[in-house]
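# Working through the structure, step by step
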Amino acid sequence: MKSTESRDARTALLLSIRPEHSHRIFAGSKRFELRKVIPAVPFKRVFLYETGGAGIVGWFDVGRVFKQPITKLWKTVGTAATSRERFLSYFSSTKEGFAIAILNAHRFKTSISITELNGDAFKLQPPQSFIILQPSAPLFALLEAARQQTLKIESPKVVSLRRITRAQREAYTSLVTRHVGANYDGIDEGFAKSNLRIHDLGFDPSGFFTTSKEVLGIHKSNKSCIGFTTLTHKSGGCVKTGPTVLLPQYRSKGYGQATRKEIEDYVVRHKARKLYCTCPDTSIEVMRYLLAAGMRVEAHLANHYSTSHGEFVLGKLLTIDETGTNIIKPTKNLHGDIIDPALIDRNQLVRDFKEMFERIWREVPEHFVRGFLKQSIEEKATEHHRKPKRLVCLGKEGHVFGAVALLPKRGGAVKGLLLRNTSNGSSVKKMVDASFDMVSQLGGRKLYFLHPIADSETILLLKLQGFQAEGFLLAPYVPGQDVVVMSRFV
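Conventions used here
- In this convention, every chain numbers its residues from 1, walking through the sequence in written order.
- Reporting in this predicted model follows two pLDDT cut-offs: at least 70 for local features of residues, and 80 or more for side-chain atom pairs to be given and counted; totals over whole chains, interfaces and linings ignore these cut-offs and use all residues.
- The basis for every side-chain value is the complete set of non-hydrogen atoms in the structure, without hydrogens or water.
- Salt bridge, as applied in this entry: a Lys or Arg side-chain nitrogen positioned within 4 Å of an Asp or Glu carboxyl oxygen.
- Summary of the burial criterion: residues with accessible area below 20% of their type's maximum are buried, those above 50% are exposed, and those between are partly exposed, where the area comes from a 1.4 Å probe applied to protein chains only.
- Strands here mean DSSP runs of E at least two residues long; helices mean DSSP runs of H or I at least four residues long; both are numbered from the N terminus.
- We define the nonpolar core as a collection of buried residues of types Ala, Val, Leu, Ile, Met, Phe, Trp, Tyr and Cys that are connected through side-chain atoms lying within 4.5 Å of one another.
- Contacts between residues were defined by any pair of non-hydrogen atoms, one from each residue, lying within 4.5 Å.
- Angles here are taken between N-to-C directions and fall from 0 to 180 degrees, while the axes themselves are lines fitted to C-alpha atoms, restricted in helices to the stretch in contact.
- Whether a crossing is left-handed or right-handed is set by the direction in which the near helix is turned from the far one by less than a right angle, anticlockwise for left-handed and clockwise for right-handed.
- Note on residue classes: Ala, Val, Leu, Ile, Met, Phe, Trp, Tyr, Cys and Pro are nonpolar, Asp, Glu, Lys and Arg are charged, and everything else, Gly too, is polar.
- Counted as a polar contact is a pair of N or O atoms within 3.5 Å, where, for protein atoms, one must be capable of donating a hydrogen and the other of accepting one, and residues adjacent in sequence contribute only when both atoms are in side chains.
- In this description, the arc belongs to the directions extending from the helix axis to the C-beta atoms.
- Any pair of Phe, Tyr and Trp rings, taking the six-membered ring for Trp, is counted once the centres come within 6.5 Å. Such a pair is stacked with planes under 30 degrees apart, edge-to-face with planes over 60 apart, and tilted for the rest.
- Criterion for a charge above a ring: Arg CZ or Lys NZ at most 6 Å from the ring centre, at most 35 degrees from the ring normal.

## Some words on the pattern of salt bridges
- Tallying each qualifying case throughout the model produces 21 salt bridges.
- Among the ionic pairs, Glu33 bridges to Lys30, the shortest N-O distance being 3.6 Å. For the pair shown, Glu33 and Lys30 are each scored as buried.
- When the shortest N-O distance is used, the salt bridge between Arg45 and Asp61 registers 2.8 Å. Linking Arg45 in strand β4 (residues 45-50) with Asp61 in strand β5 (residues 55-69), this pair joins segments that are 16 residues apart in sequence. Like Asp61, Arg45 is buried.
- In this structure, a network of salt bridges that share partners links the residues Arg45, Asp61, Glu144 and Arg147.

## Quick notes on the nonpolar core
- Membership of the largest hydrophobic core comes to 51 residues, with the highest contact counts inside it found for Phe208, Phe353, Phe357, Trp361 and Leu373.
- When residues in this core are grouped by element, the largest group, six residues, is from helix α10 (residues 346-360).
- Residues contacting Leu373, with those up to four places away along its chain left out, are Arg346, Leu349, Val350, Phe353 and Leu391.
- Val428, Val432, Phe436 and Leu461 belong to the second largest nonpolar core, which has 20 residues in total.

## Here we look at the packing of α10 against helix α11 (residues 366-378)
- Closest axis-to-axis distance for the α10/α11 pair is 10 Å, and the angle between their directions is 115°. Relative to α11, α10 is oriented so that their crossing is right-handed. Two secondary-structure elements touch here, α10 through Arg346, Asn347, Leu349, Val350, Phe353 and Lys354 and α11 through Glu366, Val369, Arg370, Phe372, Leu373, Lys374, Ile377 and Glu378.
- Broken down by class, the residue content of the contact of α10 with α11 amounts to seven nonpolar, one polar and six charged.

## Details of the environment of Arg362
- Examined against the element boundaries, Arg362 turns out to sit in the loop between α10 and α11.
- Sequence-wise, Arg362 and Gly236 are 126 residues apart; in three dimensions their C-alpha atoms are separated by 9.2 Å.
- Not counting the four nearest positions on each side in its chain, Arg362 is found in contact with Phe208, Phe209, Ser235 and Phe357.
- Polar contacts involving the side chain of Arg362 include one to the main-chain carbonyl oxygen of Phe208, which spans 2.6 Å.
- Separated by 3.2 Å, the side chains of Arg362 and Ser235 make a polar contact.

## Describing helix α2 (residues 70-77)
- Where α2 is concerned, the buried positions are Ile70, Leu73, Trp74, Thr76 and Val77. Buried residues in α2, looked at end-on, bunch into an arc of 160°, giving them a common side. Set apart from the buried face of α2 by more than 90 degrees, the exposed residues are Thr71 and Lys75.
- Taken together, the buried residues of α2 touch β3 (32-35), β5, α3 (84-90) and β6 (96-112).
- Positioned one or two residues after α2, Gly78 has a phi angle of 50°, which is positive.

## A word on the side chain of Thr244
- Note on placement: Thr244 falls in strand β11 (residues 238-246).
- Within the structure, Thr244 has its side chain in polar contact with the side chain of Thr229 (distance 2.6 Å).
- Thr244 has contacts with His179, Ile218, Phe228, Thr229, Thr259, Ile263 and Tyr289, leaving out every residue within four places of it along the chain.

## Quick look at the packing of aromatic side chains
- As enumerated under the stated definition, the model contains 18 aromatic pairs in all.
- Here the aromatic rings of Phe353 and Phe357 are separated by 6.4 Å at their centres, their planes lie at 15°, and the arrangement is stacked. Placement of both Phe353 and Phe357 in helix α10 is noted, with a separation of four residues, approximately one turn of the helix. Of the two residues, Phe353 and Phe357, both sit in the buried class.
- Three or more aromatic residues link up through ring pairs in this structure, and these residues are Phe208, Phe209, Phe353, Phe357, Trp361, Phe368, Phe372 and Tyr477.
- For the cation-ring pair, Lys157 lies above Tyr255, with the distance from its terminal atom to the ring centre recorded as 5.5 Å.
- Taking NZ or CZ as reference, Arg488 lies 3.9 Å from the ring centre of Phe436, over its face.

Structure (structure tokens):
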């Protein structure tokens, strides 16, 4: 990998760019600028001339500059630069390319018109690709002055995150209950108190992929608490954010974006690999600020946690060039029937379940498997709002080679984890049908499976049984292992 680490802070580029690409830069979703050619002189900053007459619209600071063969460059930047189709089309006539890492992108409050610049001092012609701006050039001085003025006007907010204190817990519970309850069905104080309980424990005793939660206060520079966020740590270095709620008097004042930046910095310091969150598809302002923070929509779940609206799942990978580590092994063609898990020897059930889970996902501690099986088999509650876990088993002669773990969520949705050590389609179909029936008996509205895309056999079987793909999550739990969301309403 070739990279330029040092820059001359006195040199900049004026780069020609299409409006759709500059918009993505300022929205935070485009983190690399691709070029076939760049100047040999080092440069620290890039000013953007937007084609179509808009003029010079803003700038970004330069991070690393990569020069690599095209196939390797795609692995480095991926969709953080553009789509694969556009990438290959752009570089179709060259073997190597450049990627400029984008840092601290800012838009001028008012764009600088090329027409206005074409006086005696400049005689500027719009660049076909780029113009090198030396410190002695009048245009360099003008753009630097405009940049400094923009930064002065913006006066960005700064916040810090700290563990919630005992004195703040009542405010957290009240604020989160009002905020979340306004968008989701069946939310009461128990939701916030559950977050605090897992925060205090330091681990989640019931989560398949959740390892722990942190409830953090959001603080201004004067140390006053202006809101709260909850970070849910998942296996494989993934962190879910939310709910994140500011006190009303601090909303729409730049503290939301400051909080997103601090959350990202916080989880990166703790070696996180990916951030993701969910958002009601009716919350336009929330979507805007999440997209501006570089989050990308990975799934759109219909009437998921509520009967009145859908749910977006947004994610942001914090690392580059991941490699899958989990290979899904082939299975035997074993025919089985639905069997009551309570009638199976518990030790045998633990071994079978653990083996199947690790085949599809990752290693799981035996004590966790025992805890889940105990809950799912002995749980007496039948009302969905009490979130009773259930287990559907497929097997024969006291041996299990298929299972579905059913995990009720808020608003009537039920998450299913499908595990199997058989390729027998008719037997797996029985298991999925039995799971669907059980969700109906529990009062659930919707059954959805999260399943690795690599297991195409299972995904095809779900599709044939009426399940629809609602999105693709980029490596949510295992590095390099993408997941599809397959859903069906009861």
